[in-house]
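# Report on the structure
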Amino acid sequence: MLSNTDIRALVIERQHIHRPWAEDLSSLIRYLGALQLDAIQRITRAHHHQLYNRLPRYHEAHLAQAEQRREIFEYWSHAAAYLPMAHYRFARVRMDRIREGQRHWFEKNAKLCRYVLDRVRAEGALKASDFVRAKGGWWEWSDEKKALEQLFHEGELMVSHRDGFQKVFDLPERLLPSHIHTDAASDLDYGRHLVRTFLGAQGIGRLEEIAYLRRHDKPLIKSAVERMLQSGELKPSGKELLLAEDEQTDPVAAPRRVRLLSPFDPLVLQRKRLQRLFDFDYQLECYLPAHKRRFGYFCLPILYGDSFAGVVDLKADRGAGLLRVESLHWGRQPGSALEASFNRTLGQFARFHGLAPERR
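Residues numbered from 1 in each chain as written. Predicted model: local features only at pLDDT ≥ 70, side-chain atom pairs only at ≥ 80, totals over all residues. Heavy atoms only, no water.

The name an unreviewed UniProt entry gives the protein chain is Winged helix-turn-helix domain-containing protein, with Microbulbifer taiwanensis as the organism.

### Topic: the packing of aromatic side chains
In the structure shown here, the tally under the stated rule is 13 aromatic pairs. Seen in terms of ring centroids, F90 and Y190 are 6.4 Å apart; in terms of plane orientation they differ by 25°. Their pairing is stacked. Here F90 is found in helix 5 (residues 88-99), whereas its partner Y190 is found in helix 9 (residues 187-202), with 100 residues between them in sequence. Assessed through its relative accessible area of 7%, Y190 is described here as buried. Feature note: the residues Y52, Y58, F349 and F352 constitute an aromatic cluster, connected by ring pairs. (Phe/Tyr/Trp six-rings, centres within 6.5 Å; stacked < 30°, edge-to-face > 60°. Helix = DSSP H or I, 4+ residues; strand = E, 2+ residues; numbered from the N terminus. Buried < 20%, exposed > 50% of the residue type's maximum accessible area, 1.4 Å probe, protein only.)

### Observations concerning the pattern of salt bridges
On inspection of all chains with the given rule, the structure shows 32 salt bridges. Across the salt bridge formed by D317 and R324, the nearest N and O atoms sit 2.7 Å from each other. Residues joined in a network through salt bridges with shared partners are R206, E209, E240, R273 and R276. (Salt bridge = Lys/Arg side-chain N within 4 Å of Asp/Glu carboxyl O.)

### Focus on the sheet that holds strand 10 (residues 307-317)
What the 5 strands build is an open sheet, ordered 8-9-10-11-12; its pairing is mixed. The open sheet has two edge strands, strand 8 (258-260) and strand 12 (356-357), and neither has a second partner. Bridge count for strand 10 against strand 11 (residues 322-330) is 8 bridges, and the pairing is antiparallel. Paired with V312 across the two strands is L328, which belongs to strand 11. (Pairing = 2+ DSSP bridges.)

Below, the structure written as structure tokens:
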């Protein structure tokens, strides 16, 4: 059975935080399974931050270029995400469920969906602002925006690209490469895919972690886990699951250097898992009222080696050309090596965003 030290080393090694990904962006997203999107732009959007930490010489334009080459596409994983185009048939499972009546966020307006789809078919790629706005109630979305989103979740429309941060929708037949399989994967194949992808990128995990934010997928995942344990494809390690090929793994210890992680990074996304594996109590506080925040609006976890040393609240001040440190909280008094590594990483992080680190 793996020790706690081995588990932490394995998880960090598999996440390619300290050891950069050696291949291209699209293969990294395929390895991770999904790249979560988020609209918050306190510094930069979360998906760019996740790629920056894993890909040498990453530039924000690289993501759009991969989408233009149709190597990745935007859809829904555990949340809004970029997915590998090669995994389209797994996304079809959810699309078919939505089309068959599984509710997403609101009731479907079939008549308006037909109108919106007909316009895209006739006029080409369109975004919500291309339609006459009719007042809706949900999140202040127009009725046409709701129809576009419904068709997107059903797989009747795909996102061609984003204009700013606004989705531009088009027909799948205009966007899907000819070699992509468009039939939905079987339940067993889909469940097994979710299990293998999670454990491949995370090293170890539990059923509830593989099924995180996947309520409708949980029965398929549970069934796949049972079958994979019976066949020997999965092995238990205490309460953890790992792939059979990893049972005798000997992970390399993480180097003692700092990485600043996005709050939406897959290494820290599941807060209960983070607490269990790394004894790190972390919460993204931007959703809390100001008087309830302990550390700051948009604190980033500070990873140092195989443990978390604290959090730092950063904000991009584009007008001044600075990356401002709003607050910095260490779990314990940092030594000189940790402080030096933090300052070096902060400077690199600022330069990636075209900023200078604020003098402290």
